[in-house]
Amino acid sequence: DKNYFINNPGRYTLKNGKIEQQLSPPKPPTLVVASEVGSTTVALSWNPPEGMEPSEITGYIVFRDGEKVHKGDTSLSWVDTGLKGTQEYSYTVATVNVQGTESEKCLSTTV
């Protein structure tokens, strides 16, 4: 048997002899905008979630019309390609924290 001592308040899990603090779910990014719209491309950009340290974020997931189309790193932009020029698309973005937990999706941006 091992004894474990934790200095910081919070929720923890013990798995395979290792203690890990359970982080709160991440917040969604803010202010998602289509910074450039071409005939077959859309360039999206967003701000990081408020109140989260950059070290807590491992990446962002972009959804087009509710379907996951991109899982990226900590970059705050992405270009969607191969689109149909006369069609309307709705985009949302979610944040992923260091524990792999996904945030709620941000408010949608329609182009």
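Computed from a predicted model, the values in this text were never measured in an experiment.

A. View of the overall build of the protein. Of the regular secondary structure elements, the protein holds 0 helices and 9 strands. Ordered by position in the sequence, the α and β elements of the protein form the string β-β-β-β-β-β-β-β-β. Against the globule reference of 13 Å for 111 residues, the protein gives a C-alpha radius of gyration of 18 Å, more extended than a compact globule. Based on the C-alpha atoms only, the size of the protein along its principal axes is roughly 65 × 25 × 20 Å. Across the 111 residues of the protein, 26% fall into the buried class. Across the protein, the fraction of contacts at a sequence separation of at least 24, relative to all contacts at a separation of at least 6, is 51%. Accessible surface computed for the protein: about 7600 Å², of which carbon and sulfur atoms make up 46%. For the protein, the separation between the mean place of its 10 positive charges and that of its 13 negative charges on side chains is 8 Å.

B. Main features of the sheet that holds strand E9 (residues 109-110). Taken together, 4 strands build an open sheet; the order of strands is E6-E5-E8-E9 and the sheet is antiparallel. The sheet terminates laterally at strand E6 (67-72) and E9, the two strands that pair on one side only. With 2 bridges joining them, strand E8 (residues 90-97) and E9 adopt antiparallel strand pairing. Each residue of the ladder has a partner; that of Tyr-91, found in E9, is Thr-109.

C. Region of the structure containing the pattern of salt bridges. Going through the model one piece at a time under the given rule, you end up with 1 salt bridge. Across the salt bridge formed by Arg-64 and Asp-80, the nearest N and O atoms sit 2.7 Å from each other. Here Arg-64, found in strand E5 (residues 57-64), pairs with Asp-80, found in strand E7 (residues 77-80); they are 16 residues apart in sequence, far enough to count as distant. Arg-64 gets classed as partly exposed once you look at its relative accessible area, which sits at 23%.

D. The pairing of strand E1 (residues 11-15), seen in detail. Burial of E1 is sparse: only 0 of the 5 residues sit out of reach of the surface. Two strands pair when backbone bridges link them, and E1 and strand E2 (residues 18-22) are joined in this way by 5 bridges, in the antiparallel orientation. By the bridge assignment for E2, Tyr-12 is matched with Gln-21. Between the antiparallel neighbours E1 and E2 lie 2 residues, among them Asn-16 with a positive phi of about 55°.

E. Region of interest: the sheet that holds strand E4 (residues 42-47). Strand order in the open sheet formed by 3 strands is E3-E4-E7, with antiparallel pairing between adjacent strands. Since the sheet does not close on itself, it has two edges, and those belong to strand E3 (30-37) and E7, each with one partner. Strand-to-strand twist of the sheet, defined as the mean angle between neighbouring strand axes without regard to direction, takes the value 20°. Relative to E4, E3 is paired through 5 bridges, and the arrangement is antiparallel.

Definitions and limits used
- Residues numbered from 1 in each chain as written.
- Predicted model: local features only at pLDDT ≥ 70, side-chain atom pairs only at ≥ 80, totals over all residues.
- Heavy atoms only, no water.
- Helix = DSSP H or I, 4+ residues; strand = E, 2+ residues; numbered from the N terminus.
- Rg over C-alpha atoms; globule rule 2.2 N^0.38 Å.
- Buried < 20%, exposed > 50% of the residue type's maximum accessible area, 1.4 Å probe, protein only.
- Contact = heavy atoms within 4.5 Å.
- Areas by Shrake-Rupley, 256 points an atom, 1.4 Å probe, with all protein chains shown as cover.
- Lys, Arg positive; Asp, Glu negative; His and termini not counted.
- Charge placed at Lys NZ, Arg CZ, Asp CG, Glu CD.
- Pairing = 2+ DSSP bridges.
- Salt bridge = Lys/Arg side-chain N within 4 Å of Asp/Glu carboxyl O.
- Axes fitted to C-alpha atoms, helices over the stretch in contact; angles between N-to-C directions.

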